[in-house]
Amino acid sequence: MRFIAIFFAFVTVGCKQAAGERCQTDSDCEDGLTCECQMADRLCDDGVCQSADEAAEAESEAESEAESEAESEAESEAEAESESESESESESEGE
């Protein structure tokens with residue numbers, strides 16, 4: 001009977017994950033840490049426990065990366081449009 005009581009105590013308390021360890025929800029992490037993952041519903045299989053500072057830094061890096069990609073796309077589209085206009089002008093001059 002004592003075994004069942006001890007087992008129940010461990011199961012209900014559970015273990016909290018430290019920084020950098022795997023998680024699925026915020027409650028899996030130690031106090032002061034949150035589960036960071038890419039899923040919108042905040043339940044995932046590959047989350048990582050992080051402090052608020054680390055999470056903010058990771059979010060900032062992701063935003064910077066997205067901005068860089070958007071700028072590169074805009075530049076590529078502008079170059080393609082410019083080339084298209086140049087070709088149209090060359091064809092018009094040849095007529």
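Worth saying up front: this structure is predicted, and the values here are computed from it rather than measured. (Residues numbered from 1 in each chain as written. Predicted model: local features only at pLDDT ≥ 70, side-chain atom pairs only at ≥ 80, totals over all residues. Heavy atoms only, no water.)

By the definition in use, this model includes 2 disulfides. There is a disulfide in this structure between C23 and C35, and the S-S distance comes to 2.1 Å. Its S-S torsion of about 95 degrees marks the bond between C23 and C35 as right-handed, since a negative value means left-handed. One end of the pair, C23, is in strand 1 (residues 22-23); the other, C35, is in strand 2 (residues 33-36), with 12 residues separating them in the sequence. On the basis of relative accessibility, which here comes to 1%, the residue C35 falls in the buried class. Disulfide pairing places C29 opposite C49 at an S-S distance of 2.1 Å. Measuring handedness by torsion sign, the sulfur bridge of C29 and C49 sits at about -85 degrees and is left-handed. In this pair, C29 is assigned in the loop between strand 1 and strand 2 and C49 in strand 3 (residues 47-51), connecting sequence segments 20 residues apart. Each member of the pair, C29 as well as C49, carries the same accessibility label: buried. Going through the protein in sequence order and numbering each bonded cysteine, the pairs you get are 1-3, 2-4. (Disulfide = S-S within 2.5 Å. Helix = DSSP H or I, 4+ residues; strand = E, 2+ residues; numbered from the N terminus. Buried < 20%, exposed > 50% of the residue type's maximum accessible area, 1.4 Å probe, protein only.)

Working note: regular strand, side chains alternate between the two faces of the sheet. With 2 bridges connecting them, strand 1 and strand 3 associate as antiparallel partners. What sits directly across from R22, in strand 3, is V48. Across 4 bridges, the pairing between strand 2 and strand 3 is antiparallel. Considered in strand 3, the bridge of L33 is made with S51. (Pairing = 2+ DSSP bridges.)

This part covers the sheet that holds strand 2. Hydrogen bonds between backbone atoms are what pair the strands of a sheet, whose relative direction is either parallel or antiparallel. The strand order 1-3-2 describes an open sheet built from 3 strands, whose pairing is antiparallel. The open sheet terminates on both sides in strands that have one partner only, identified here as strand 1 and strand 2.

Let's shift gears to the nonpolar core. Membership of the largest hydrophobic core is limited to 5 residues, which are C23, C29, L33, C35 and C49. In this structure C23 touches D28, C29, C35, E36, C44, D45, D46, G47, V48 and C49, once residues within four positions along its chain are discounted. (Core = buried A, V, L, I, M, F, W, Y, C linked by side-chain atoms within 4.5 Å. Contact = heavy atoms within 4.5 Å.)

Considering the arrangement of structural elements, one finds L33 in strand 2. For L33, a relative accessible area of 15% puts it in the buried group. Note: C-alpha distance between L33 and A52 (19 residues apart in sequence) is 6.6 Å.

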